[in-house]
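# Structural overview for review
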Amino acid sequence: MTSAPPLRPRSGASVAANSSENFFLYVEGPLDAEILRSWARRFSPHLARSLQSRFVILGGRRPARAVEHIRAENKAGRPGRGLIVLDRDHHSGSPPTGLAESSLEVFTWSRRHIESYVLVRSAMSRLLDSDIDTARFGRLMDDHLSFLHDEEACRQVDAKRLLGRHGPFARETGGVVSSAAIARIMRVDEFHDDVKELYRRIEVALGLAMPKLEVVRRGSRS
């Protein structure tokens, strides 16, 4: 079995040694990076520019590779920080064990896959536009996405299958609908709270926003 290739920032660009600038966003695959770039351009153009050179592809749900990468950066005199973005898949959603690295944080989607967050009826309707008539679009949604009002159902659905190259949406729309295409056309008001929370955490890590202050309310003395 061949060993995995070394991890590098997706763009190949160099980053400064300052820990706030030497920040990496670790994602499972190229599609994850493409979706996150599209959302970032909507969320904040400035953030999107700041993220451009910071994606590192793990090649699957392999958070241990992020540990290897950040330790290599530290050893090379480029101390940095990283945020690992993982699909929940069939796991409980709790952070993976064995990542004892203070410079790394883990963000796990509460839904099963990142693709679950592009299952947005209004965005899909805009994407299809004149490619499909209203009645057929309604039937397509009713057949496959009638559960969108139910968050628990959205958490469990296999969005990778629904939106994959051989899935029902690709088949019935001639390949027009894909997770990447929907992400490109989504608006911020269509973002799930999980998506917004991820970008807020990235902004804090990059020094573009201040962390939220937790207010501790003390009980009144008797």
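Above this text you will find the structure in question.
Residues numbered from 1 in each chain as written. Predicted model: local features only at pLDDT ≥ 70, side-chain atom pairs only at ≥ 80, totals over all residues. Heavy atoms only, no water.

### Some points on the overall build of the protein
Heads up, the rule is: Every helix listed is a DSSP run of H or I at least four residues long, and every strand listed is a run of E at least two residues long, numbered separately from the N terminus. A 1.4 Å probe rolled over the protein chains alone gives each residue an accessible area, and that area as a share of the maximum for its type sets the label: buried under 20%, exposed over 50%, partly exposed in between. Note on definitions: a residue-residue contact is assigned when non-hydrogen atoms from the two residues lie within 4.5 Å. Methods summary: accessible areas were calculated by the Shrake-Rupley approach with a probe of 1.4 Å, and residue burial reflects only the protein chains presented.
A count of helices and strands for the protein gives 10 helices and four strands. Start at the N end of the protein and walk to the C end: the helices and strands fall as β-α-α-β-α-β-β-α-α-α-α-α-α-α. Relative to its full complement of 222 residues, the protein shows a buried share of 45%. Within the protein, contacts between residues separated by at least 24 positions form 73% of all contacts whose residues are at least 6 apart in sequence. On the protein, roughly 12,300 Å² of surface is accessible, and the fraction owed to carbon and sulfur atoms is 49%.

### Some remarks on the pairing of strand β3 (residues 81–86)
Applied cut-off: Criterion used throughout: strands pair if DSSP finds at least two bridges between them.
Summarising burial for β3: five of the six residues are buried, a large majority. When strand β1 (residues 23–27) meets β3, the two strands line up parallel, connected through four bridges. Bridge assignment links Phe23 to a residue of β3, and that residue is Arg81. Bridging between β3 and strand β4 (residues 104–108) involves five bridges; their strand directions are parallel. Along β4, the bridge assignment pairs Ile84 with Val106.

### Some thoughts on the sheet that holds β1
The condition that has to hold: Lines fitted to C-alpha atoms define the axes, with helix axes restricted to the stretch in contact, and inter-axis angles between N-to-C directions lie between 0 and 180 degrees.
Taken in spatial order, the four strands make up an open sheet running β2-β1-β3-β4, and their pairing is parallel. Every other strand in the sheet has two partners, leaving β2 (55–57) and β4 as the edge strands with one partner each. Adjacent strand axes in the sheet meet at a mean angle of 25° when their direction is disregarded. Relative to β2, helix α1 (residues 30–43) is tilted by about 160°, and along the sheet it contacts β1 and β2. Its contacts with the sheet place helix α3 (residues 63–75) against β1, β2, β3 and β4, and it is angled at close to 160° to β1.

### A word on the packing of α1 against helix α10 (residues 193–205)
For clarity, the cut-off: By the definition adopted for this analysis, an angle is roughly parallel if under 35 degrees, roughly antiparallel if over 145, roughly perpendicular if from 65 to 115, and oblique otherwise.
The N-to-C vectors of α1 and α10 enclose an angle of 80°; their axes lie 11 Å apart at closest approach. Our classification of the angle between α1 and α10 gives roughly perpendicular. Of the residues in α10, those in contact with Ile35, Leu36, Trp39, Ala40 and Phe43 of α1 are Val195, Lys196, Leu198, Tyr199, Arg200 and Glu203.

### Let's talk about the environment of Val188
Note on placement: Val188 falls in the loop between α9 (179–185) and α10. Along the sequence, Val188 and Phe43 sit 145 residues apart, while their C-alpha atoms lie 6.1 Å from each other. Residues contacting Val188, with those up to four places away along its chain left out, are Arg42, Phe43 and Lys196.

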